[in-house]
Amino acid sequence: MASTTRSGAWVRIAFAMFAVGWGANQFSPMLIVYRHELRLGAAAVAGLFLVYALTLIPGLLIGGSASDRFGRRPVVLPFVALSPLATVLLVLGPRSLAVIALGRALAGLCSGVVFGSATAWVQELSHGAGLSARRSALALTAGFGLGPVVAAGLAQWAPDPLVVPYLPHLVIGVAAAIMLWPTPEAAAPVQATPTSARRAWPPAAVRTGRFWLTVAPAAPLVFGSVSLAIVVLPEEVTSARSLSAGFAGLMTALSFSAGVAVQPLARRLRSTLAGNVAGLGCAAAGAGTGIAAVAASDRVLAGSAAVFLGLAYGLCLVSGLRQAEHLARPDERGAVIACYYALAYLGFAAPYLVDGLASMSDQVGAFVLLTGIIAVLALGTAGYAIRAGTNLSRPVTRGSVRHKKIS
């Protein structure tokens, strides 16, 4: 009976990741609504976007290490339960910037703690190379994709667009906490020895050349790609009076559907690094298509760009998680995955990068420069793969890079 319970436990954890992902990303299309309904300036909108990251990154780094030491369940469960509370704040204070910011801050903290620790938990309850990475990636992608699509549709066509879009997450979030309650630990938490208690930060795997040359370059393009698709491009080819929220929902559906569709291929690739190279190539293609979309204010071209950017998201996410899984020791798995997610979430700064590049020329020029940056990353990663030769024809094995630390 216990074995059966454990064999299906990853489903409950994955559903919890789905629910927290829904709560995290349901806000993306709402930025357009807040800007229109509350008449917010660019600085206020940027602040609402930034407050999420300010709590998410610490949540990732602290939560991952805490779950390595104290166990996954006692760290993950409370923050899955708090995720619906963050949405309650958005419902109760729909026109108060302070309350909205507090809700986003709590959502960021919940996301940070849950994503890294729950991914490690799923890995410990899964078997088979790449299977756990795909399960975690699929759960997150489904939540990230469906949350904003539903919110955008409700914001566009339902009454009370500042409240109704958040109601579905309240139901899903509470259900996830109830389902997660009986889920067992995969194993006893690793007890810190005198040596491991003094272990340096960041974890050993993150202090390797392999991590920074293979995992890190593509990590920001995980969420950088989708932020271009669901935040930047919709604002460039629509206006607040022309179904902006609805079109943002459509762009979200296109990008995350492509991300889900490509994940089985990413798992089957013999080389995880090949997935990173392919993902960076798709990101360059998506940004390149974005040049034409912005120049012509063309929604069809923007949709095509969203598909490429979604492919980049799916390839980079699965390949990056597989790399992190194989690089990490069991006693640092949560911390390594948290570091990976922290790098991935840097990609949400892409809208600000586009604005900064646009200040040097214009929006079209910004996409041209961005395409060039991504292409350089793709060529650099491919060049490393070629120089490394056959060692990259398979995922790296644990312990194979322990002595190549960056000093």
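Residues numbered from 1 in each chain as written. Predicted model: local features only at pLDDT ≥ 70, side-chain atom pairs only at ≥ 80, totals over all residues. Heavy atoms only, no water.

## What to know about unusual backbone geometry
Backbone geometry places Arg39, a non-glycine residue, at a positive phi of 55°. Considering the arrangement of structural elements, one finds Arg39 in the loop between helix 3 (30-37) and helix 4 (42-70). Its relative accessible area of 74% is what places Arg39 among the exposed residues. We note that Asp160 has phi near 50°; this positive angle belongs to a residue other than glycine. Structurally, Asp160 is set in the loop between helix 7 (131-157) and helix 8 (167-180). A relative accessible area of 45% means that Asp160 is categorised as partly exposed. (Helix = DSSP H or I, 4+ residues; strand = E, 2+ residues; numbered from the N terminus. Buried < 20%, exposed > 50% of the residue type's maximum accessible area, 1.4 Å probe, protein only.)

## Things to note about the packing of aromatic side chains
Taken as a whole, this structure holds 16 aromatic pairs when the rule is applied. Taking 6.4 Å as the distance between ring centres and 50° as the angle between the ring planes, the aromatic pair formed by Phe115 and Tyr341 counts as tilted. You can see Phe115 sitting in helix 6 (residues 97-124) and its partner Tyr341 sitting in helix 15 (residues 333-345), a full 226 residues away along the chain. As far as the burial class goes, Phe115 and Tyr341 line up, both buried. With a centroid separation of 5.4 Å and an interplanar angle of 75°, the aromatic rings of Phe211 and Trp212 are classed as edge-to-face. Using a relative accessible area of 0% as the deciding quantity, one classes Phe211 as buried. Accessibility expressed as a relative area gives 40% for Trp212, which makes it partly exposed. By way of ring pairs, the aromatic residues Tyr52, Phe115, Phe144, Phe223, Phe256, Tyr313, Tyr340, Tyr341, Tyr345 and Phe348 are connected into one cluster. (Phe/Tyr/Trp six-rings, centres within 6.5 Å; stacked < 30°, edge-to-face > 60°.)

## A word on the packing of helix 5 (residues 72-92) against helix 8
At a minimum axis distance of 9 Å, the contact between helix 5 and helix 8 shows a crossing angle of 160°. Comparing their axes, helix 8 and helix 5 come out roughly antiparallel. Two packed elements cross with a definite hand, and for helix 5 against helix 8 that hand is left-handed. Residues Arg73, Val76, Leu77, Val80, Ala81, Ser83, Pro84, Thr87, Val88 and Val91 of helix 5 pack against Leu167, His169, Leu170, Gly173, Val174, Ala176, Ala177 and Leu180 of helix 8. Residue composition of the contact of helix 5 with helix 8, by class: 13 nonpolar, 4 polar and 1 charged. (Axes fitted to C-alpha atoms, helices over the stretch in contact; angles between N-to-C directions. Parallel < 35°, antiparallel > 145°, perpendicular 65-115°, else oblique. Left-handed = near helix turned anticlockwise from the far one by under 90°. Contact = heavy atoms within 4.5 Å. Nonpolar A, V, L, I, M, F, W, Y, C, P; charged D, E, K, R; others polar.)

## Quick look at the pattern of salt bridges
Per the counting criterion, the structure on display carries 7 salt bridges. Put simply, Arg35 and Glu235 hold a salt bridge, and the shortest N to O gap is 3.6 Å. Here Glu235 lies in helix 11 (residues 220-237) and Arg35 lies in helix 3, a separation of 200 residues in the sequence. Classification of Arg35 by relative accessible area gives partly exposed; the value is 34%. Residue Asp68 pairs with Arg72 through a salt bridge whose shortest N-O separation is 2.8 Å. By relative accessible area, which is 6% here, Asp68 ends up buried. (Salt bridge = Lys/Arg side-chain N within 4 Å of Asp/Glu carboxyl O.)

These values are about where atoms sit, not about what they do.
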